[in-house]
Protein chains: 2
Amino acid sequence: MGGLASPRTAETVPVPAIAAHGGEDALTALVALVQDDLQACNRAIVARMDSPVALIPQLAAHIVAAGGKRLRPLLTLASARLCGYPGEDPGSLGGLRHVDLAACVEFIHTATLLHDDVVDESQLRRGLASANAIFGNKASVLVGDFLFARAFQLMVEDGSLVVLGILSRAAATIAEGEVLQLQTQNDLSTTEDQYLEVIQGKTAALFAAACEVGAVIAGRPAREQEALAAFGMNLGIAFQLVDDALDYAANQATLGKTVGDDFREGKVTLPVLAAYQAGDEAERVFWRRAIEEGSQGDGDLERALHLMEARGAIEATLARAHGFAVAARAALAVFEDGPVRRILADVSDFAVSRAR
Amino acid sequence: MGGLASPRTAETVPVPAIAAHGGEDALTALVALVQDDLQACNRAIVARMDSPVALIPQLAAHIVAAGGKRLRPLLTLASARLCGYPGEDPGSLGGLRHVDLAACVEFIHTATLLHDDVVDESQLRRGLASANAIFGNKASVLVGDFLFARAFQLMVEDGSLVVLGILSRAAATIAEGEVLQLQTQNDLSTTEDQYLEVIQGKTAALFAAACEVGAVIAGRPAREQEALAAFGMNLGIAFQLVDDALDYAANQATLGKTVGDDFREGKVTLPVLAAYQAGDEAERVFWRRAIEEGSQGDGDLERALHLMEARGAIEATLARAHGFAVAARAALAVFEDGPVRRILADVSDFAVSRAR
């Protein structure tokens, strides 16, 4: 994973003149756009997470069926639609590769969530008790492994070595990002580039792969595959930046996770780096104690929130996110204007506006 | 996974008249047979577990380089040799698919070991501190994920959807076996069939896949692929039965793990089932307290060992293992007699004789 100092684009392209509707509307429009495909994808997910070993569908149902936005499979479905899959040719209308591969993407995502919660010792996920809190760490590790293997079985059934290459590379990159995050934990000398490498790996790589797959199965040229990969990569980075901001800014009901989790775990995210780097010596002493030494007491989270406010750390993080969202939108310029492109472009605004 | 009441064969075949040399000699002969390939495989393992994220090669080196018998990659290499890969045709002599796929098999195995040790909270692995004891559970989960993803990247490079199908199915079956083991933990009503399903999944499925891959890349007909899969499956079951016996019978120096681990974890293995089912009511009360309630005190492991001795539980387990080893040997009958077949057949004796 190379350094990543600025938003990535497939090529230098002008920002397309697409009216921004933004916000929740974009997600609603995205769901409406691929509604039938999404329902088919949900059916595929339920059908393919089955196993004669009862604990597997039980645990998988807890996390898969618990919902979440299905953002990653939505991206696969919408990218396929943008690329004309299933094509105009009525003979190809029965194609369901996008549906099955969207399910694969969700399985890989779910596997990483299960392992993340074990790693983070999280008690909450999407506002509900996390799987590890109910079923134990052991089952969460093993069912994560099952879903990961099942994702590859689905890809083998699909039969495209190109798709298998994209998603196996993404899976390796996700693990690298997570390990790098572990290495930078409690370390305030982490650079912004290293932080961006972490979130590019742990989050954005799968967004990029989810989008790229849509272009591949539609048989689109490399230029469009790369454009969709760049769209997903920039979108994913924006999304994770906002997630990291929300960990210090959201109320629990909205976010569906405990505010301050990252703080308690000593995760070095951009809000912390921004507040630390802009802080005076007294503030740095505080951050070193709380994040590097992990010595936290009553009122420390409140102080952290106050310092972030005073140093504009959340605003700085959201401004970075906005930059990546703009780059995501720009990457779509290689496609002709139309309703699908407009909705995908607006999703990049949603990634940021959900924090406002 | 269906029930498994008796040894599996690809078809009903007579036991080939192969002289049994057995024991460590067989493993030594196996290593000697494919020595150059094994060295190439070790080089591939080291080269492909690399990552710019330093903790990954560090942790991977701890477990991969720590040795172990490399039994699974040896099976891939020897199976390929048995099937004439690289073929007699000089033009195909440069083929290294068996080496790369043997490395894949070892990566999948290593990933499951890392996750097993987290699940079991083991402190020892092959006589050394386990990776989770040194690097922590978090890193073990994530590096396991990385090695698993990397295995699939290697398979994609190899380019065979058939191989990808075999190994992705094996990976899902391994996870199912491990989850089933978790479900049967502390449960003395587990049947022998359920126990065999567990070890078929968690251990034998990868042995079977490792062998089958050798026939696939050599382009051998389905009958030979199935024979090698049956050889590996039966060998793997025999191997795990012996492993479960050794957990109550070996001395720590030989086994490289702590004797009594399974007992302390309340794992319901065949030695326990055999002693429990043959025991009188007082003995059953003991087993229920120790295994089902997990209430263990000083002297309980010694009592368990004594009861197993008295009830012939270890001997019964090894007799079952011998049955599967015989079936493994029998599965090779579809191949012509020769030194490679003889060595592989003798490996099935090694699987059992290492306990004597």
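To be clear, the structure that these remarks concern was listed above.
In this text the structure is predicted, and so the values were computed from the model without any measurement.

About the cut-offs
Residues numbered from 1 in each chain as written. Chains lettered and ligands numbered in written order. Predicted model: local features only at pLDDT ≥ 70, side-chain atom pairs only at ≥ 80, totals over all residues. Heavy atoms only, no water. Phe/Tyr/Trp six-rings, centres within 6.5 Å; stacked < 30°, edge-to-face > 60°. Helix = DSSP H or I, 4+ residues; strand = E, 2+ residues; numbered from the N terminus. Buried < 20%, exposed > 50% of the residue type's maximum accessible area, 1.4 Å probe, protein only. Least-squares fit on C-alpha atoms with pLDDT ≥ 70 in both. Contact = heavy atoms within 4.5 Å. Expected span 1.5 Å × (residues − 1). Polar contact = N/O pair within 3.5 Å; in protein donor to acceptor, adjacent residues only side chain to side chain.

**A look at the packing of aromatic side chains**
Turning to step 1, where the next piece is worked out: Enumeration according to the criterion identifies 13 aromatic pairs over all chains in this entry.
Turning to step 2, where the next piece is worked out: Both rings, one in Phe-207 of chain A and one in Phe-239 of chain A, keep their centres 5.4 Å apart while their planes meet at 40 degrees; by these two values the pair is tilted. In this pair, Phe-207 of chain A sits in helix H9 (residues 192-217) while Phe-239 of chain A sits in helix H10 (residues 222-249), placing the two residues 32 residues apart along the sequence.
Turning to step 3, where the next piece is worked out: Taking relative accessible area as the criterion, Phe-207 of chain A reaches 0% and is therefore assigned buried.
Turning to step 4, where the next piece is worked out: Phe-239 of chain A sits in the buried class, given a relative accessible area of 8%.
Turning to step 5, where the next piece is worked out: Arranged with centres 6.4 Å apart and planes meeting at 80 degrees, the rings of Tyr-248 of chain B and Phe-263 of chain B form a pair that is edge-to-face. Remark: Phe-263 of chain B occurs in helix H12 (residues 261-265) and Tyr-248 of chain B occurs in the loop between helix H10 (222-246) and helix H11 (252-255); sequence separation between them is 15 residues.

**Notes on the relation of the copies chain A and chain B**
Both copies of the chain are related through a single rotation about an axis accompanied by a shift along the same axis.
Turning to step 1, where the next piece is worked out: Of the transformation superimposing chain A on chain B, the axial component is 0.0 Å and the angular component is 180 degrees, with the fit at an RMSD of 0.0 Å. Considering both components of the superposition, the chain copies are consistent with a two-fold axis.
Turning to step 2, where the next piece is worked out: Most of the interface of chain A is mirrored in chain B, where 100% of its interface residues are also at the interface.

**Description of helix H13 (residues 270-278) of chain A**
All names here are of chain A.
Turning to step 1, where the next piece is worked out: A large share of H13 lies buried, amounting to 7 of its 9 residues.
Turning to step 2, where the next piece is worked out: Taken together, the buried positions of H13 are Leu-270, Pro-271, Val-272, Leu-273, Ala-274, Ala-275 and Tyr-276.
Turning to step 3, where the next piece is worked out: Here the buried face of H13 lies against H9, H10, helix H14 (281-292), helix H15 (300-310) and helix H16 (313-331).

**Some words on helix H8 (residues 161-184) of chain B**
Residue and element names in this part refer to chain B.
Turning to step 1, where the next piece is worked out: An ideal rise of 1.5 Å per residue puts 34 Å on 24 residues; H8 measures up with 34 Å between its terminal C-alpha atoms.
Turning to step 2, where the next piece is worked out: With a side-chain oxygen positioned 3.3 Å from the backbone nitrogen of Val-162, the residue opening H8 is Ser-160.
Turning to step 3, where the next piece is worked out: Trailing H8 by a residue or two, Asn-186 shows a phi angle of about 65 degrees, which is positive.

**With respect to the environment of Ala-278 of chain B**
Residue and element names in this part refer to chain B.
Turning to step 1, where the next piece is worked out: Looking at the element boundaries, Ala-278 is found in helix H13 (residues 270-278).
Turning to step 2, where the next piece is worked out: Residue classification places Ala-278 among the partly exposed residues on the basis of a relative accessible area of 39%.
Turning to step 3, where the next piece is worked out: A C-alpha to C-alpha distance of 9.7 Å links Ala-278 and Leu-307, two positions 29 residues apart in sequence.

**Some details on unusual backbone geometry**
Residue and element names in this part refer to chain B.
Turning to step 1, where the next piece is worked out: Cis geometry is found at the peptide bond from Tyr-85 to Pro-86, where omega equals -10 degrees.
Turning to step 2, where the next piece is worked out: Residue position: Pro-86 is located in the loop between helix H4 (71-82) and helix H5 (97-120).
Turning to step 3, where the next piece is worked out: The backbone phi angle of Arg-70 is positive, close to 55 degrees, even though this residue is not glycine.
Turning to step 4, where the next piece is worked out: Along the chain, the position of Arg-70 falls in the loop between helix H3 (55-65) and H4.
Turning to step 5, where the next piece is worked out: Looking at Arg-70, the relative accessible area reads 11%, which means it is buried.
Turning to step 6, where the next piece is worked out: Of note, the phi angle at Asn-186 is positive, near 65 degrees, even though the residue is not glycine.

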